[in-house]
Amino acid sequence: MAITLIGDRDFDPVPSIKSKCLRVNLNEHIYGTFNEIGAGQETVRNFFRAGGASGTIAKAMSAYDKDFSDAIYGVEKDGRYVTELRLRTMLEKEMKHMEQRISREKHPKKMFFSYANTVATIDFAKKYKGHGWVGIRYQTDPTQKEYNEITLHVRFHENDARHQQNTLGVLGVNLIYGAYYKYDNPKKLLLYLYDHIDKDKLEIDTINFSGPVFKDVDNRLMSLQLVKNGMTEAIMFGPDGNNVLPARILYKKNILALRGSFRPVTRVNMDILECSYDMFKKEDKVNPEKIQVVFEITLSNLMAEGQIDETDFMDRARLLCNLGQTVLISKFKEYYKLVEYFSNYSKEKMSLAMGVNNFIEIFNEKYYRQLSGGILEAFGKLFYKDLIVYMYPLKNHDTGEITNSHNLILDKHIKELYKFFKHNKKLKDLENYNPKYLDIFSREVLQKIKEREPGWEKALPEGIPEIIKDKGLFNYREVSIRNF
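For every chain, the first residue of the written sequence is number 1, and numbering continues from 1 along that sequence. Totals for whole chains, interfaces and linings use every residue, but because this is a predicted model, local features are given only for residues with pLDDT of at least 70 and side-chain atom pairs only at 80 or more, for both listing and counting. Excluding hydrogens and water, the side-chain figures rest on all heavy atoms present in the structure.

**What about helix α4 (residues 84-101)?**
Part 1: In a regular helix each residue adds 1.5 Å, so 18 residues correspond to 26 Å; α4 covers 26 Å between its end C-alpha atoms and thus fits that length.
Part 2: The set of residues buried in α4 consists of E84, R86, L87, T89, M90, L91, E94, M95, H97 and M98. Secondary structure counts use DSSP, requiring at least four H or I residues in a row for a helix and at least two E residues in a row for a strand, with both numbered from the N terminus. Helix span, expected: 1.5 Å multiplied by one less than the number of residues in the helix. A simple rule labels every residue: compare its accessible area, found with a 1.4 Å probe on the protein chains alone, to the largest value its type can have, and call it buried under 20%, exposed over 50%, or partly exposed in between.

**Some details on helix α10 (residues 310-322)**
Part 1: Given a rise of 1.5 Å per residue, 13 residues ought to cover 18 Å, and the 18 Å separating the end C-alpha atoms of α10 matches this to within 8%.
Part 2: Counting buried positions along α10 yields 10 of 13 residues, so the element is predominantly enclosed.
Part 3: Among the residues of α10, those classed as buried are E310, D312, F313, M314, D315, R316, A317, L319, L320 and C321.
Part 4: What qualifies as a polar contact is a pair of N or O atoms within 3.5 Å, subject to a donor-acceptor requirement within protein and to the restriction that residues adjacent in sequence count only when both atoms come from side chains. Capping the start of α10, D309 holds a side-chain oxygen 3.2 Å from the backbone nitrogen of T311, two or three residues further along.

**So, the sheet that holds strand β1 (residues 30-37)**
Part 1: Two strands qualify as a pair provided DSSP detects at least 2 bridges between them. The strand order across the open sheet built from 6 strands is β2-β1-β3-β4-β5-β6, with neighbouring strands paired in mixed fashion. Either end of the sheet is taken by a strand with one partner, and the two such strands are β2 (57-61) and β6 (202-210). With strand direction ignored, the average angle separating the axes of adjacent strands in the sheet is 10°.
Part 2: Inspection of the sheet shows β1 paired to strand β3 (residues 111-120) by 8 bridges, in the parallel sense. Along β3, the bridge assignment pairs F34 with Y115.
Part 3: Contacts from helix α5 (residues 161-181) reach β1, β3, β4 (131-138), β5 (148-156) and β6, with the element oriented near 25° to β4. Each axis is a line fitted through C-alpha atoms, and for a helix only the stretch in contact is used; angles between axes span 0 to 180 degrees, taken between their N-to-C directions. By the convention used here, residues are in contact when the closest approach between their heavy atoms is within 4.5 Å.

**Details of the pattern of salt bridges**
Part 1: Take a side-chain nitrogen of Lys or Arg and a carboxyl oxygen of Asp or Glu: if they are within 4 Å of each other, that pair is a salt bridge. What the rule picks out here adds up to 25 salt bridges.
Part 2: For R162, the salt bridge identified is with E42, shortest N-O distance 3.3 Å. Of this pair, R162 sits in helix α5 while E42 sits in helix α2 (residues 42-50), and the two are 120 residues apart along the sequence.
Part 3: In this structure, R137 and E149 form a salt bridge, with 2.5 Å as the shortest nitrogen-oxygen distance. Note that R137 is positioned in strand β4 and E149 in strand β5, a separation of 12 residues in sequence. Both residues of the pair, R137 and E149, count as buried.
Part 4: Sharing partners across several salt bridges, the network here consists of E84, R88, E92, R137 and E149.

**Some remarks on the packing of aromatic side chains**
Part 1: Centre distance within 6.5 Å is the pairing criterion for rings of Phe, Tyr and Trp, where only the six-membered ring of Trp is used; planes under 30 degrees apart are then read as stacked, over 60 as edge-to-face, and the remainder as tilted. Scanning the entire structure with this criterion turns up 25 aromatic pairs.
Part 2: Both rings, one in Y392 and one in Y433, keep their centres 5.8 Å apart while their planes meet at 65°; by these two values the pair is edge-to-face. Of the two residues, Y392 is situated in strand β15 (residues 387-392) and Y433 in the loop between β18 (427-429) and α15 (442-451); the sequence distance between them amounts to 41 residues.
Part 3: Taken together, the aromatic side chains of Y336, F359, F363, Y367, Y368, F379, F383, Y418, F420 and F421 make up a single cluster linked through ring pairs.
Part 4: Just above the ring of Y181 sits the side chain of R23; from NZ or CZ to the centre is 3.9 Å.
Part 5: By definition, being over a ring means that NZ of Lys or CZ of Arg is both within 6 Å of the ring centre and within 35 degrees of the ring normal. Positioned above the aromatic ring of Y335, the side-chain terminus of R259 is 4.4 Å from the ring centre.

**Some thoughts on the confidence of the model for the protein chain**
Part 1: pLDDT: the predictor's confidence for each residue, scored from 0 to 100. With 95% of its residues at a pLDDT of 70 or more, the protein chain shows a mean pLDDT of 90.
Part 2: Note that pLDDT drops below 50 for residues 479-484; the model gives that stretch 4 contacts with residues more than four away or on any other chain.

**Quick notes on the sheet that holds strand β7 (residues 234-237)**
To summarise the sheet geometry, strands pair through backbone hydrogen bonds and adopt either a parallel or an antiparallel arrangement.
Part 1: Taken together, 8 strands build an open sheet; the order of strands is β8-β7-β13-β10-β9-β14-β15-β18 and the sheet is mixed. The sheet is open, and its two borders are formed by β8 (243-244) and β18, each paired with just one other strand.
Part 2: The pairing of β7 with strand β13 (residues 327-330) spans 4 bridges and is antiparallel. Bridged to F237 within β13 is V327.

Written out as structure tokens, the structure is:
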């Protein structure tokens, strides 16, 4: 059912940009400010051109000069202006001005909003494509004391500054319109952000929702939609469950990445982390204070019968966050694409930690048929950076044999390639692992959880079994009720 606000007029169900602006402008109760830094006044320009803007726009401003901007919003510690912190400072400051300057007694039905963006478009040499932060703080009810907020980070893919400005203006209109008329379905709101915008023009790689109308929204699930809908290739969220900008977390860091399904996260996963971390921090050109650990899950690992199981995703996300981990969700099936992605943000030494069975899969040539150079091209992209792969051993349940880098079996025509990387110390066996954990397999643990078999708790990190039971993760509660 479509949202209707007090003061609304009838409009087309799929409105043009002009119609969206006009609907907002003709609602006498929607009232707010526009503050756009770095890419002109493209969003507010759309509202001016639509007509009837005098009742909507309280103020439009562009504090373009840095000194002038600092005088209004203060000086940022890192000296940067295109940041999430700057955006939030702008939203907070402008909303306070609204509250101070507009009398509630005189305007009891006004629904305040503050829209802002801080953006850097493509440079003259076309070396940097441009990016920015966009957000809105607003009310859907004039009696609301707590404001709703939507903030997002964008990356431009167009090669002309003017085109990027126009795209930003359309995005701003879609955000304001969606904030008021699509807030009851945040997933659809995400899709509406691309109304009249081709996805190859703009990438949204971070978004966060907060406030009373979004009290039931989990930002981790919203970030999953960005990858699922093709809005970005990868997203990241922190231990607190909020989405974070990958560039901010990974910039100039020594990255240690662990790929897995983590369904559920087990003692093996944590053992791999501890062992690889201990080795990585001792490597040359690694600063222990700059190591960033990332637990990465590919989109294919979230599929169940061809569809993404969002409940299952949230179960895994809650456990990893509870363990204090930063999580990356990506579309990268191949490891070399993951390394290329990391290389966008850091040129420092990196490492991947994985089990021997996953490592053997890297040498499967079927994954590289789309490359003109085949597996050689893929490995060139994987290892040309300062990368190390740490391998966790595999135990044969039947024979008890341990497989590591010294006895793993590869096809003969691939063996020499493997030897080359091993000889150059690009591949290393993990040391000081716990032999007791080699009998733990997450798929077996998951089956035991679902069937309520005893003893599965011992395979998981401390505190995790209690969360699974308390929250009913991985269908634990459903099985309990069914058996009851």
